[in-house]
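Spelled out from the first residue to the last, the chains are:
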Amino acid sequence: GNDDSVAEGIAQSGVPREEIFLTTKIDGGDQAYKDVLTSFDRYLDELQTDYVDLLLIHWPSRAVPVGETLKAMQELKEAKKIRAIGVSNFTEHHLEDTFKTGIEIEVNQVEAHPTFNQLSLREFCALRGIVVTAYAPLGRGADLELPLLVELAKKYGASVPQIILNWVVARGMIAIPKS
């Protein structure tokens with residue numbers, strides 16, 4: 001729901017589009033084949049761009065088979081409207097369903113932070129070449145008060161968020177904290 005604002009920010013930044021990694025998501029109600037294509041065209045219009053770098057399925061759908069959604073996404077990739085296909089909030093079981101389609105999943109965006117480390121899922125993804133993007137890497141603020149992290153921040157002359165973000169990156173994940 002923020003595509004117009006993102007487009008405005010990109011335009012005002014003066015940064016060339018090819019230097020920006022732009023990700024958007026297919027919402028749960030738009031995962032049917034035709035809906036993916038229709039909603040994605042709307043995203044491109046709102047974002048004022050002719051491609052995105054990464055398109056994610058926001059949540060696994062119980063109503064639409066993942067293969068149907070991925071088929072549309074693969075067509076968008078072949079048309080060079082997206083550079084990479086990913087998912088968000090997919091468990092190992094959900095990822096197994098994607099593998100059956102033969103369509104490559106490159107990213108799984110999940111909540112991950114020191115108190116919710118997702119170790120099993122991260123190992124599963126690593127073995128299959130799927131990059132994990134950690135959303136809410138600061139534990140929605142709760143991890144900022146953990147005594148061990150506060151102690152480490154003092155020891156290394158860093159802030160607690162810096163310690164946490166280092167933890168995320170050191171484990172091969174991409175961190176996307178909110179401001």
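Basis of the calculations
Residues numbered from 1 in each chain as written. Predicted model: local features only at pLDDT ≥ 70, side-chain atom pairs only at ≥ 80, totals over all residues. Heavy atoms only, no water. 1 Å grid on protein atoms, 1.4 Å probe; cavity = no way out; pocket = protein on both sides within 12 Å on 5 of 7 lines; lining within 4 Å. Points joined across faces, edges and corners; volume = space filled by probe spheres on them. Helix = DSSP H or I, 4+ residues; strand = E, 2+ residues; numbered from the N terminus. Nonpolar A, V, L, I, M, F, W, Y, C, P; charged D, E, K, R; others polar. Core = buried A, V, L, I, M, F, W, Y, C linked by side-chain atoms within 4.5 Å. Buried < 20%, exposed > 50% of the residue type's maximum accessible area, 1.4 Å probe, protein only. Contact = heavy atoms within 4.5 Å. Pairing = 2+ DSSP bridges. Right-handed = clockwise from strand over helix to strand, strands pointing away.

## Here's the deal with the layout of surface pockets
No. 1: Here the largest pocket is characterised by a volume of approximately 640 Å³.
No. 2: Taken together, 22 residues make up the lining of the largest pocket; nearest its centre are N2, D3, T23, T24 and K25.
No. 3: Residue assignment for the lining of the largest pocket shows that the elements contributing at least two residues are α1 (3-13), β1 (23-26), α2 (33-47), β4 (107-111) and β6 (174-176).
No. 4: For the lining of the largest pocket, the element with the highest residue contribution is α2, accounting for 4 residues.
No. 5: Residue composition of the lining of the largest pocket, grouped by class: 9 nonpolar, 7 polar and 6 charged.
No. 6: Quantified by volume, the second largest pocket comes out at close to 260 Å³.

## A word on the nonpolar core
The nonpolar side chains of a soluble globular protein tend to be buried, and buried together.
No. 1: Counting residues in each nonpolar core, the largest one holds 35 residues, and the members touching the most others are F40, V52, L55, L70, M73, I82 and L95.
No. 2: Looking at this core, the elements with two or more residues in it are α2, β2 (52-57), α3 (66-78), β3 (82-88), α5 (119-127), β5 (131-135) and α7 (160-170).
No. 3: Aside from chain neighbours lying at most four places away, what touches M73 is V36, L55, L56, I57, I82, I85 and G86.

## What about the pairing of β3?
No. 1: For β3, a buried count of 6 out of 7 residues is recorded, marking the element as mostly surrounded by other parts of the structure.
No. 2: One ladder, built from 5 bridges, connects β2 with β3; its direction is parallel. From the neighbouring strand, L54 faces β3, where its bridge partner is A84.
No. 3: One crossover worth recording links β2 to the parallel β3 by way of α3, and it is right-handed.
No. 4: Once you follow β3 into helix α4 (residues 92-99) and on to β4, the crossover reads as right-handed.

Spatial relationships are all this shows, so hold off on functional conclusions.
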